[in-house]
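# Residue-level structural notes
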Amino acid sequence: MSHIYGRVALIGLGLIAGSMSLAMRRAGLVGEIVGYARSAETRDVAREIGLCDRIEDSAAAAVEGADLVVLCVPVGAMGLVAAEIAPGLKPGATVSDVGSVKRAVIDAVAPHLPADVHFVPAHPLAGTEHSGPRSGFAELFDNRWCLIVPQEGADRAAVDRLEALWQGMGALTNEMDADHHDLVLAVTSHAPHLIAYTMVGVADDLGRVTDSEVIKYSAAGFRDFTRIAASDPTMWRDVFLNNREATLEILGRFTEELFALQRAIRTGDGDHLHEYFTRTRAIRRGIIEAGQDTGEPNFGRERGG
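Residues numbered from 1 in each chain as written. Predicted model: local features only at pLDDT ≥ 70, side-chain atom pairs only at ≥ 80, totals over all residues. Heavy atoms only, no water.

## Brief notes about the side chain of Asp97
Our working definition: Strands here mean DSSP runs of E at least two residues long; helices mean DSSP runs of H or I at least four residues long; both are numbered from the N terminus. In protein, a polar contact means a hydrogen-donor-capable atom and an acceptor-capable atom, both N or O and within 3.5 Å, with residues adjacent in sequence counting only if both atoms are side-chain atoms; elsewhere, any N or O pair within 3.5 Å suffices. Whether two residues are in contact is decided by their heavy atoms: any pair within 4.5 Å suffices.
For Asp97, the position within the fold is in strand β5 (residues 94-97). Among the polar contacts listed, one links the side chain of Asp97 to the backbone nitrogen of Gly99, at a separation of 2.8 Å. One polar contact links the side chain of Asp97 to the main-chain amide nitrogen of Ala122, over a distance of 3.2 Å. Beyond its immediate stretch of four places on either side in the chain, Asp97 contacts Val70, Leu71, Met78, Lys102, Val105, Val120, Pro121, Ala122 and His123.

## Observations regarding the packing of aromatic side chains
In this description, an aromatic ring pair is defined by two values, namely the gap between the centres and the angle between the planes. Worth spelling out the cut-off: Centres within 6.5 Å are what make two rings of Phe, Tyr or Trp a pair, Trp counting through its six-membered ring; a difference in plane orientation under 30 degrees is then read as stacked, over 60 as edge-to-face, and the rest as tilted. A simple rule labels every residue: compare its accessible area, found with a 1.4 Å probe on the protein chains alone, to the largest value its type can have, and call it buried under 20%, exposed over 50%, or partly exposed in between.
All told, the structure shown has 3 aromatic pairs when counted by the stated rule. On the numbers, 5.0 Å between centres and 90° between planes, the contact of Phe141 with Trp166 is edge-to-face. Remark: Trp166 occurs in helix α6 (residues 156-168) and Phe141 occurs in the loop between β7 (122-124) and β8 (145-148); sequence separation between them is 25 residues. For Trp166, a relative accessible area of 1% translates into the label buried. With centroids separated by 6.4 Å and ring planes inclined at 85°, the aromatic side chains of Tyr276 and Phe277 adopt a geometry described as edge-to-face. Overall, the relative accessible area of 46% leaves Phe277 in the partly exposed class.

## A short note on the packing of helix α7 (residues 178-205) against helix α11 (residues 244-267)
Let me state the cut-off plainly: Note on geometry: axes are C-alpha line fits, over the in-contact stretch for helices, and angles between N-to-C directions span 0 to 180 degrees. In this scheme the handedness of a crossing depends on how the near helix is turned from the far one: anticlockwise by less than a right angle means left-handed, clockwise means right-handed. Any residue outside Ala, Val, Leu, Ile, Met, Phe, Trp, Tyr, Cys, Pro, Asp, Glu, Lys and Arg is labelled polar, Gly included; the first ten of those are nonpolar and the last four are charged.
Two elements in contact, α7 and α11, have axes separated by 9 Å at closest approach and are oriented at 65°. In terms of crossing hand, the pair formed by α7 and α11 is right-handed. For the pair α7 and α11, contact is made by Asp182, Leu183, Ala186, Val187, His190, Ala191, Leu194 and Ile195 and by Ala246, Thr247, Glu249, Ile250, Leu251 and Phe254, respectively. In terms of residue class, the contact of α7 with α11 is made up of 10 nonpolar, 2 polar and 2 charged.

## Thoughts on the environment of Val8
Take Val8: it is sitting in strand β1 (residues 5-11). Here Val8 falls in the buried class, since its relative accessible area comes to 0%. Taking C-alpha positions, Val8 is 4.8 Å from Leu68, a pair spaced 60 residues apart along the chain. When near neighbours in sequence (up to four residues on either side) are disregarded, Val8 contacts Met24, Val30, Glu32, Ile33, Val34, Leu68 and Val70.

What follows is the structure, encoded as structure tokens:
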């Protein structure tokens with residue numbers, strides 16, 4: 001098949017960038033993949049495992065001649081990276097990202113980009129708790145959604161081309177407004193991660209439960225909390241700081257629901273608990289029926305993801 005892009009530059013070489021490189025190679029979607037990471041150690045590992053066709057020692061060198069540049073760095077760093085690479089961007093190139101927050105990324109990146117470069121933000125809804133250049137795998141995006149977040153007046157051809165790339169990597173795609181994206185992700189990802197971090201923190205602070213008991217007797221629910229809470233701390237710090245309004249709104253709603261459940265438990269209102277759990281179980285079944293998870297034991301996570 002013909003290549004969708006001649007050269008793709010990946011800035012940041014963690015789980016998502018590594019999986020993108022492997023998925024693009026699997027499907028023969030691009031001619032050349034160039035990578036860059038801020039850490040020399042990460043660049044050395046990427047070279048050792050052949051993660052990209054070429055690893056550069058500067059972001060400016062990596063983006064030279066690239067038809068597509070994908071920012072795969074924490075959202076708090078994207079503005080600085082955009083300013084660094086802007087002078088070397090090829091006219092007509094597309095710049096995208098994989099950040100979990102969109103409005104803050106657009107506000108940070110767009111002002112730095114030349115007028116003759118297309119900016120098409122995106123967010124693949126896929127990941128594991130693992131990070132680093134060795135963590136990627138080509139199947140990460142298979143049957144997972146990637147949300148494309150074009151700005152008003154975006155070049156249609158550039159948007160369609162990026163969408164075709166994600167579809168070629170196995171993803172399902174949809175377009176979404178940036179502010180709506182941030183609210184949806186606050187519900188489906190950001191607040192759940194914060195709750196997971198909190199629950200693991202509660203277990204750590206509970207003096208009557210020793211560390212060995214928490215580890216030895218972890219039931220399925222707590223194991224899933226710890227899996228989520230093992231995610232990259234820098235990335236999630238930046239997510240919460242850059243999507244604070246939507247996350248705080250959802251956490252407020254969560255607190256209201258939690259108080260209602262506390263009241264039902266305190267007053268022995270079994271009918272309320274049963275109705276609530278029945279309704280929420282139906283949502284879980286809907287996720288499985290939509291193909292976004294599995295009903296297998298341990299959710300089918302055979303590879304630790």
